[in-house]
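Descriptive analysis of the structure
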2 protein chains.
Amino acid sequence: MDRVEIKEKKIVGIDLGGTTFKVGVIDFSGKLLYKSDTNTPVELGDKAVLNRIIEKVDEAIEKLKIDKKEILGIGMGAPGILDIENGINIFSPNLKWNNVNMVAPIKEHFNVPVFIENDVRVAALGEKRFGSGKGRRYMIFIALGTGIGSGIIINGELFRGSIGGGGEIGHMVIDSNGPRCNCGNYGCFEALAGGPAIVARAEKAIKNGYKTEILELANNNISNITPALIYQAAKNGDKVALEIFRETSFYLGLGFVTLTNIFNPECIIVGGGISRSWDILMPPVIQMVKTRGFPRSRDVVEILPSSLGEDAGVIGAGVLVIERIEKEEKI
Amino acid sequence: MDRVEIKEKKIVGIDLGGTTFKVGVIDFSGKLLYKSDTNTPVELGDKAVLNRIIEKVDEAIEKLKIDKKEILGIGMGAPGILDIENGINIFSPNLKWNNVNMVAPIKEHFNVPVFIENDVRVAALGEKRFGSGKGRRYMIFIALGTGIGSGIIINGELFRGSIGGGGEIGHMVIDSNGPRCNCGNYGCFEALAGGPAIVARAEKAIKNGYKTEILELANNNISNITPALIYQAAKNGDKVALEIFRETSFYLGLGFVTLTNIFNPECIIVGGGISRSWDILMPPVIQMVKTRGFPRSRDVVEILPSSLGEDAGVIGAGVLVIERIEKEEKI
């Protein structure tokens, strides 16, 4: 295929999560031509999940009224530990998968190249090529949610580490006396700045008798509290909620300082559900990086919100295909 | 030049420090054919320092009885912030240099390619090619001294960051309530595990009235205390000294866990003066990484002493030349 011919083709991106999966179709300019969102039938097992994905890709092709031959390749972002060379999801608690070949069934059905990569890394690729990180060669994409994950771009390339375990920034130690993390370690970044840590601060305040609007917003049921509710209370000026964000921003800032000093990135792009609290959460983080970061590195780093948002995953999964094809065909 | 011709040449490596500088000559197998160690005449200014270096390189060539034409290139590791493309040392407190062209005078005299790089990164290159990291593509070289510096190798290449500021691991935040660091931040890795932090623990213990052999070894003068003396006391079974090492190993371990989780390296190689306390300092660090590190990454990482030791700098400076020439000439 020549360069022009390739550039007219379409790319399928799949963003697979434990709750829903998204199917998108993009062109070489990163334009999202089509997107669907479907429940992931985890309870029916891996074969059912992969079949549902195939159906939804077929549906996308049908609805777009394009020929299957127009599809250049399929990229898929997924949670878990992946063997990307062999297309295997080695272990994913979210999908309840163990050693599942995610590539073979899809490749067989569509007869195009299929590539997989960790979901957060895929989102990072999307932001790098078509989002807030456009044109940057050194960037970190951070997904703030229940966990804190990252996709790190070094010299324009995705950084994976020696066996694909690189970028576990949620498990940097930022507090020598910190609380226990799900990983078994203590004082991890995500144990102090992830969603459950934010909720735990609200629960503690309520149990200690502090008056806060958070409880009302949660219909007086402490187990209904979410970071989004705490944000809502903070927006309403609730002092407890504001203090919870102040504390969270502090720990988040420590992690951002460490990342700035180690990676000297051009930008840190922040996505994930918690990043929707940007106006309250992030200004103190940016301030901390600019004052406590290492000279020069702190000056160059820009801290930006994700511009692709919810679509970073499907677009990034498409970029996975584009960049592999570019490398191989040198287009 | 053909491949064989190049491989028969010699390379000059210079390890420039604020106290002394070393000149070495190596061959393509990394063999150190010659080495000299000279006081750095910092007080005489940059021109005098560079002239002294030129004299010592001339002396090396003379003593080895080789022709100047046999020298393929000169590599130099130096402290400070470097503009490696233009050969400028932008700022080095150790050398008292501001915007000094380190390359031009040397290049003019010898008429061969001259390359510069940060001193710790150069040592990392040496360990990667000819030392403990031989054959590794993902490794971190850590220099434990007054400060804690690193040279990080990613996919076989030196990692520099967007403007050369990458790898400042001494300034990872590992303690949210930690002491102030020289950089202005709080709780930095080197403020808790660097040489001065170790000495400060001894001073504090003595001021608090603890009986320890450290003071005797320092001739009853608290300002004579060094990490080496504390190590000597610990070797003699001194309980205060052992407790100082236990605390230092704890903080060192937190930093090593963070690096393991973020970089997923094949190995972490430890050099620098403080690493001479290996038998007491490092076993608890290794134990912490193996138990508190993230699964898989903690299993693959090997923590090893530098095998080039004092020579990592001069050999690595030579490797800087070898790798540049290899890239350009594709040998």
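Calculation notes
- Residues numbered from 1 in each chain as written.
- Chains lettered and ligands numbered in written order.
- Predicted model: local features only at pLDDT ≥ 70, side-chain atom pairs only at ≥ 80, totals over all residues.
- Domains from an automatic or database assignment.
- Contact = placed C-beta atoms within 7 Å.
- Helix = DSSP H or I, 4+ residues; strand = E, 2+ residues; numbered from the N terminus.
- Nonpolar A, V, L, I, M, F, W, Y, C, P; charged D, E, K, R; others polar.
- Core = buried A, V, L, I, M, F, W, Y, C linked by C-beta atoms within 7 Å.
- Buried ≥ 20, exposed ≤ 12 C-beta atoms within 10 Å, placed from the backbone.
- Least-squares fit on C-alpha atoms with pLDDT ≥ 70 in both.
- Pairing = 2+ DSSP bridges.
- Axes fitted to C-alpha atoms, helices over the stretch in contact; angles between N-to-C directions.

Moving on, we come to the domain arrangement of chain A. Taken domain by domain, chain A holds domain 1 (3–119) and domain 2 (132–307). Here the C-alpha centre of domain 2 of chain A lies 29 Å away from the C-alpha centre of domain 1 of chain A.

Opposite the 35 residues of chain A that make contact, chain B presents 35 residues. Those elements giving two or more residues to the side of chain A that touches chain B turn out to be α9 (239–263) and α11 (297–300) of chain A. Per-element accounting of the side of chain A that touches chain B gives the leading share, seven residues, to α9(A). Per-class residue counts for the side of chain A that touches chain B are 17 nonpolar, 13 polar and five charged.

By size, the foremost hydrophobic cluster in this structure holds 212 residues, and its most contacted members are A:I14, A:I214, A:I230, B:I14, B:I214 and B:I230. Discounting residues that sit within four places of it in the chain, A:I214 has contacts with A:A202, A:I225, A:L229, A:I230, A:A233, A:D238, A:V240 and A:A241.

Once that is clear, we can look at the relation of the copies chain A and chain B. Laying chain A over chain B is done by rotating through 180° and shifting 0.0 Å along the axis; what remains is an RMSD of 0.0 Å. On this basis, the relationship between the two copies can be described by a two-fold rotation axis. The share of interface residues of chain A whose copies in chain B are also at the interface is 100%, consistent with both copies meeting through the same surface.

Quick look at the sheet that holds strand β6 (residues 88–92) of chain B now. Residues and elements named next belong to chain B. If you walk across this open sheet you meet the three strands as β5-β6-β7, and the pairing is antiparallel. Bordering the open sheet on either side are β5 (81–83) and β7 (97–101), each of which pairs with just one other strand. On average, each strand axis in the sheet is tilted by 15° relative to the strand beside it, whichever way the strands run. Relative to β7, β6 runs antiparallel, the two sharing four bridges. Across the sheet, S92 pairs through a bridge with W97, a residue of β7.

All names here are of chain A. Within strand β1 (residues 10–16), seven of the seven residues are buried, which leaves the element mostly enclosed by the surrounding structure. Where burial is concerned, the two faces of β1 agree: the one with K10, V12, I14 and L16 and the one with I11, G13 and D15 are both buried. Alignment of β1 against strand β4 (residues 71–78), held across six bridges, turns out to be parallel. What sits directly across from I14, in β4, is M76. When β1 meets strand β2 (residues 20–26), the two strands line up antiparallel, connected through six bridges. When the sheet's bridge partners are listed, I14 is paired in β2 with V23.

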